[in-house]
Amino acid sequence: MTELCELKYDEIEVGQEIPTFSHKFDRMDAIIYAGAGGDFNPIHVNPFFAKEVAMLPDVIAHGLFQMALMGKTVMDWIGDPGYLKKLSCQFRGMTIPEETVNFKGKVREKLEDNLLVLDVWAEKDDGTVVLKGGEAKVYLP
Amino acid sequence: MIDHKWIGKTYGPMEYEIGREKIKEYAAATKDSRPVFHDREFAKNTSYGDIIAMPNFAAVYGLRGAGMLLLDQEIKLNLAMLVHGAQEFEWFDVIKPNDVITETGKVADIYEKGDLAFIVYEGEAKNQDGKLVCRSRATFIIRGGGS
């Protein structure tokens, strides 16, 4: 049997940071996500509409795409996707093509029953916050 | 502002059958190549016995009621001024290919802050055994007061 999680609840300390995942957003990411996620809002996929109609600087990344990358960041740490119990965040700054977003997390609290709460957030290289006030709850053996 | 009488309005039940290739497509689109989302042979040797969906795949099977809310012709939200402000997913079990998910949802809250209107959707997704697998909460913000 392959164990997916190598962490142990007892070895985790409050304040511990998880490895940062960085992603440079490409306009194809939004097109592919639109197909996978079913959200074809033109502000994500049509540069003409984004700029000329919605008055945005360019197409912007889907919030749920970025939230999924946040989830991936936590799962990369815990190893077993089934141990991710809860994830929340506020969608703040917009991400346009060629911008890099850094997804981060830090252990806030150890709860009973082998549960942990992490603060999670995402920011661009210049510090602009993209996902704010996020929280992840995970189980560890 | 959005009329508060819509608090409690329900959507669904909506059925969604989980497809193996769709699980893989969503994981790939969100840059996640871990084998337990993609490789049936690998997954056979895990406690799951088959591939599982990325938790955030709930954006596909668990938010369709929110889509109905956005297009609801009774509430008539001003979509041009609407942004997805916040999202929360809570998971209670994993999802595998061929699971049949039933989502029911409702308008959980409507409130204002300054000239922003907020409308909150809450959905519950259960599997074919009637087990709750995911609870979702989506907050939409409408600039300039709503509908």
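Scroll up to find the structure.
Fair warning: this is a prediction, and the values are worked out from it, not measured in the lab. (Residues numbered from 1 in each chain as written. Chains lettered and ligands numbered in written order. Predicted model: local features only at pLDDT ≥ 70, side-chain atom pairs only at ≥ 80, totals over all residues.)

*Asks:* Honestly, the interface of chain A and chain B in this entry has me stumped. Any pointers?
*Replies:* How big an interface is tends to be reported as the loss of accessible area on association of its parts. Contacts between the two partners involve 27 residues from chain A, matched on the other side by 25 residues from chain B. Taken together, the elements giving at least two residues each to the side of chain A that touches chain B come down to helix H1 (27-37), helix H4 (63-78) and strand E2 (84-91) of chain A. (Contact = placed C-beta atoms within 7 Å. Helix = DSSP H or I, 4+ residues; strand = E, 2+ residues; numbered from the N terminus.)

*Asks:* Help me out: how do you make sense of unusual backbone geometry in this one?
*Replies:* Most peptide bonds adopt trans geometry, and most residues besides glycine take a negative phi value. Cis geometry is adopted by the peptide bond preceding Pro13 of chain B, which originates at Gly12 of chain B and carries an omega value of 5°. The residue Pro13 of chain B is located in strand E1 (residues 10-17) in this model. Phi at Asn114 of chain A takes a positive value of approximately 60°, unusual for a residue other than glycine. Structurally, the position occupied by Asn114 of chain A is in the loop between strand E3 (100-110) and strand E4 (115-124).

*Asks:* What should I look at first to understand the nonpolar core in this one?
*Replies:* The tendency in soluble globular proteins is for nonpolar side chains to be buried as a group. Of all hydrophobic cores here, the largest spans 76 residues; its most connected members are Met70, Val74, Leu84 and Val138 of chain A together with Phe57 of chain B. If near-sequence neighbours (up to four positions away) are discounted, Met70 of chain A is found in contact with Leu87, Cys89, Phe103, Val120, Ala122, Leu131 and Gly134 of chain A. (Core = buried A, V, L, I, M, F, W, Y, C linked by C-beta atoms within 7 Å. Buried ≥ 20, exposed ≤ 12 C-beta atoms within 10 Å, placed from the backbone.)

*Asks:* Looking at this structure, how should I read the sheet that holds strand E5 (residues 129-139) of chain A?
*Replies:* Spatially, the 10 strands line up as an open sheet ordered E1(A)-E3(A)-E4(A)-E5(A)-E2(A)-E2(B)-E5(B)-E4(B)-E3(B)-E1(B), and their pairing is antiparallel. For this open sheet the edge positions go to strand E1 (17-24) of chain A together with E1 of chain B, each flanked by a neighbour on one side alone. Between one strand axis and the next, the sheet turns through 20° on average, direction left out of account. Together, E1, E2, E3, E4 and E5 of chain A together with strand E2 (82-91) of chain B form the strand contacts of H4 of chain A, whose direction differs from that of E1 of chain A by roughly 140°. (Pairing = 2+ DSSP bridges. Axes fitted to C-alpha atoms, helices over the stretch in contact; angles between N-to-C directions.)

*Asks:* What is the right way to read the packing of H1 of chain A against helix H1 (residues 20-29) of chain B from this model?
*Replies:* In the contact formed by H1 of chain A and H1 of chain B, the axes pass within 9 Å of each other and the chain directions differ by 150°. One way to sum up the angle between H1 of chain A and H1 of chain B is to call them roughly antiparallel. As H1 of chain A packs across H1 of chain B, the resulting crossing turns out to be left-handed. On the side of H1 of chain A, the interface is formed by Ile32, Tyr33, Ala36 and Gly37 of chain A, while H1 of chain B contributes Glu25, Tyr26 and Ala29 of chain B. Looking at the contact of H1 of chain A with H1 of chain B residue by residue, the classes come out as 5 nonpolar, 1 polar and 1 charged. (Parallel < 35°, antiparallel > 145°, perpendicular 65-115°, else oblique. Left-handed = near helix turned anticlockwise from the far one by under 90°. Nonpolar A, V, L, I, M, F, W, Y, C, P; charged D, E, K, R; others polar.)

*Asks:* Where do I start with the environment of Arg34 of chain B in this structure?
*Replies:* Residues and elements named next belong to chain B. Within the secondary structure, Arg34 is located in the loop between H1 and helix H2 (40-44). Overall, the presence of 17 C-beta atoms within 10 Å leaves Arg34 in the partly exposed class. When the C-alpha atoms of Arg34 and Met54 are compared, they prove to be 9.7 Å apart, with 20 residues separating the residues in sequence.

*Asks:* It is not clear to me how the environment of Glu6 of chain A should be interpreted in this structure. Could you clarify?
*Replies:* Within the secondary structure layout, Glu6 of chain A lies in the segment before E1. In this structure Glu6 of chain A comes out as exposed when scored by C-beta crowding, with 11 C-beta atoms within 10 Å.

*Asks:* Would you take a moment to explain the pairing of strand E4 (residues 116-126) of chain B for this structure?
*Replies:* Consecutive residues of a regular strand have side chains that alternate between opposite faces of the sheet. Residue and element names in this part refer to chain B. Judged from the 11 bridges that link them, strand E3 (residues 100-113) and E4 form a sheet pairing that is antiparallel. The residue bridging Gly105 from the neighbouring strand is Gly123, located in E4. Between E3 and E4, which follow one another and run antiparallel, lie 2 residues, and Gly114 among them has a positive phi close to 60°. Here E4 runs beside strand E5 (residues 132-143); their pairing, made up of 11 bridges, is antiparallel. Its bridge partner lying in E5, Val120 is registered against Thr139. Connecting E4 to the next strand, E5, in antiparallel fashion are 5 residues, including Gly130 with a positive phi near 80°.

*Asks:* What should I look at first to understand H4 of chain A in this one?
*Replies:* Each full turn of the α-helix corresponds to 3.6 residues, which orients residues three or four apart in the same direction. Residues and elements named next belong to chain A. For H4, built from 16 residues, the straight-helix expectation of 22 Å at 1.5 Å per residue is met to within 8% by its first-to-last C-alpha distance of 23 Å. For H4, the tally of buried residues reaches 15 of 16 residues, placing the bulk of the element in the interior. Directly after H4, the chain includes Gly79, whose backbone phi takes a positive value near 85°. (Expected span 1.5 Å × (residues − 1).)

*Asks:* Whenever I open this one, H1 of chain B confuses me. Can you help?
*Replies:* Those residues of H1 of chain B that sit buried are Ile23, Lys24, Tyr26, Ala27 and Ala29 of chain B. Looking one or two residues beyond H1 of chain B, the residue adopting positive phi is Lys31 of chain B, at roughly 65°.

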